[in-house]
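# Survey of secondary and tertiary structure
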Amino acid sequence: MKISIGSDHAAYKMKEHLKKYLENKGFEVIDEGPFSEDRVDYPVYAKKVGERVANKEAGYGILMCGTGLGMSIAVNKIKGIRAALAYYPKMAELARQHNNANVLVLGGRTMGFELAEWTVDTFLNTEFEGGRHERRINLISEMEENL
Ligand code: RB5
């Protein structure tokens, strides 16, 4: 599975850490940048990851900024993206089970690397439950059509 990953300067070190972590697990990681710790604007990277996932060039996206808030707000503007900010594994589990989230957002300044690893593992290993949740996802898709 391909995973598109991006951050801003505040979470650059976490991106680099998770990139290696995922590659060691056998995932193909598309690193959308940035490629240094220089100050950047998070919406640029939210757009790169979101479009990659929306275009089905990657199965999932992972985004990080200082809090994860800016990345969440930005990437959820892209049609077809359901991004979830998750600070611990249970949130990531429910984001997949109930919300069929296709982008996981983490906080580089609010989480340690180990907690980020657990949260990513849970996200990638949890399936969407469908059923009543499918109806709710479809209602969100309808909202996108009316934008
Ligand atoms: C950058 O200082 C910070 O604002 C950004 O990483 C993020 O937390 C925004 O939501």
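Let us look at the structure shown here.

### With respect to the pattern of salt bridges
- A complete count under the given rule lists 10 salt bridges for this structure.
- Residues Lys15 and Glu16 are paired through a salt bridge, measuring 2.8 Å at the closest nitrogen-oxygen approach. Note on accessibility: Lys15 and Glu16 belong to one class, buried.
- For Lys90, the salt bridge identified is with Glu93, shortest N-O distance 2.6 Å. Here the residue Lys90 and the residue Glu93 both occupy positions in helix H4 (residues 89–97), the gap between them amounting to three residues, near one helical turn.
- Taking relative accessible area as the criterion, Lys90 reaches 46% and is therefore assigned partly exposed.
- Overall, Glu93 belongs to the partly exposed group, its relative accessible area being 23%.
- A network of salt bridges, in which partner residues are shared, links Lys15, Glu16, Lys19 and Asp31.

### A look at the site of the ligand
- Contacts to the ligand come from Asp8, His9, Ala10, Tyr42, Cys65, Gly66, Thr67, Gly70 and Arg109.
- Interatomic distance of 3.0 Å between a backbone N/O atom of Thr67 and an oxygen atom of the ligand.
- Considered on its own, the ligand offers 300 Å² of accessible surface; in the complex 72% of this is hidden by protein.
- When grouped by side-chain class, the residues that make up the shell around the ligand number three nonpolar, four polar and two charged.

Conventions and cut-offs
- Residues numbered from 1 in each chain as written.
- Predicted model: local features only at pLDDT ≥ 70, side-chain atom pairs only at ≥ 80, totals over all residues.
- Heavy atoms only, no water.
- Salt bridge = Lys/Arg side-chain N within 4 Å of Asp/Glu carboxyl O.
- Buried < 20%, exposed > 50% of the residue type's maximum accessible area, 1.4 Å probe, protein only.
- Helix = DSSP H or I, 4+ residues; strand = E, 2+ residues; numbered from the N terminus.
- Near = heavy atom within 4 Å.
- Polar contact = N/O pair within 3.5 Å; in protein donor to acceptor, adjacent residues only side chain to side chain.
- Areas by Shrake-Rupley, 256 points an atom, 1.4 Å probe, with all protein chains shown as cover.
- Nonpolar A, V, L, I, M, F, W, Y, C, P; charged D, E, K, R; others polar.

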